[in-house]
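Fold and contact review
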Amino acid sequence: MLVRTPVELGAFLRDRRKKLKLDQSTFAKSIGVSRQWVIHVEHGHARAELGLILRALDALDIRLDAGTEQTSARGSTRPAVDINAIVAKARKKKA
């Protein structure tokens, strides 16, 4: 599945959590967050901390696959997002 927005990611996480028969509270405890955090993420909150999102993906056995190029629906190719550069830049600003 190609996820392009926080809302799509939230819906995907919610669907997977439900397929695993986990309620929000149990899931929240398993990744060390509040139930309210799970609610926000499942509704597409755009400012969720990346580390927590990655922990949630791992807890739900969801693989994150990042490529180097991406083809749009129109057939054009554009470079994919460099997640390592984004994280490094965010850490640099924080320090």
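As shown above, the structure is provided for reference.
To keep things clear, this report deals only with the structure shown in the data block. (Residues numbered from 1 in each chain as written. Predicted model: local features only at pLDDT ≥ 70, side-chain atom pairs only at ≥ 80, totals over all residues. Heavy atoms only, no water.)

**Things to note about the environment of arginine 35**
As a reminder of what qualifies: In DSSP terms, a helix is any run of H or I states spanning at least four residues, a strand is any run of E spanning at least two, and both are numbered starting from the N terminus. Summary of the burial criterion: residues with accessible area below 20% of their type's maximum are buried, those above 50% are exposed, and those between are partly exposed, where the area comes from a 1.4 Å probe applied to protein chains only. Residue contacts are counted whenever heavy atoms from the two residues lie within 4.5 Å of one another.
For arginine 35, the location among the structural elements is in helix H3 (residues 35–42). The exposure class assigned to arginine 35 is partly exposed, which follows from its relative accessible area of 43%. The spatial distance from the C-alpha of arginine 35 to the C-alpha of glutamine 24 is 5.8 Å, given a sequence separation of eleven residues. Residue contacts for arginine 35: discarding those within four places in its chain leaves Gln24, Ser25 and Ala28.

**Brief notes about the side chain of glutamine 24**
The condition that has to hold: Throughout this description, a polar contact denotes any pair of N or O atoms lying within 3.5 Å of each other; where both atoms belong to protein, one of them has to be capable of donating a hydrogen while the other can accept it, and for residues adjacent in sequence the pair is counted only when both atoms sit in side chains.
With respect to the helices and strands, glutamine 24 occurs in helix H2 (residues 24–31). A polar contact is formed between the side chain of glutamine 24 and the side chain of glutamate 42, at a distance of 3.0 Å. When residues no more than four places from it in sequence are discounted, the contact partners of glutamine 24 are Arg17, Arg35, Val38, Ile39 and Glu42.

**Thoughts on the pattern of salt bridges**
Cut-off, in case you're wondering: Between Lys or Arg on one side and Asp or Glu on the other, a salt bridge is scored when a side-chain nitrogen of the former is within 4 Å of a carboxyl oxygen of the latter.
One pass over the structure, following the stated rule, counts three salt bridges. Salt-bridge contacts for aspartate 15 lead to lysine 19; the nearest nitrogen and oxygen are separated by 3.3 Å. Remark: lysine 19 and aspartate 15 occur in helix H1 (residues 6–19); sequence separation between them is four residues, near one turn of the helix. The class of lysine 19 is exposed, set by a relative accessible area of 59%. A salt bridge links aspartate 65 to arginine 63; the nearest nitrogen and oxygen atoms lie 3.6 Å apart. You'll find aspartate 65 and arginine 63 in the same group, each marked exposed.

**Some details on the packing of H1 against H3**
Operational definition: All axes are obtained by fitting lines to C-alpha atoms, using only the stretch in contact for helices, and the reported angles, taken between N-to-C directions, cover 0 to 180 degrees. For this classification, under 35 degrees means roughly parallel, over 145 means roughly antiparallel, 65 to 115 means roughly perpendicular, and everything else is oblique.
For the pair H1 and H3, interaxial distance at closest approach is 7 Å and the crossing angle is 125°. The angle between H1 and H3 falls in the class oblique. Contact residues: H1 offers Pro6, Gly10, Ala11, Leu13, Arg14 and Arg17, while H3 offers Val38, Val41 and Glu42.

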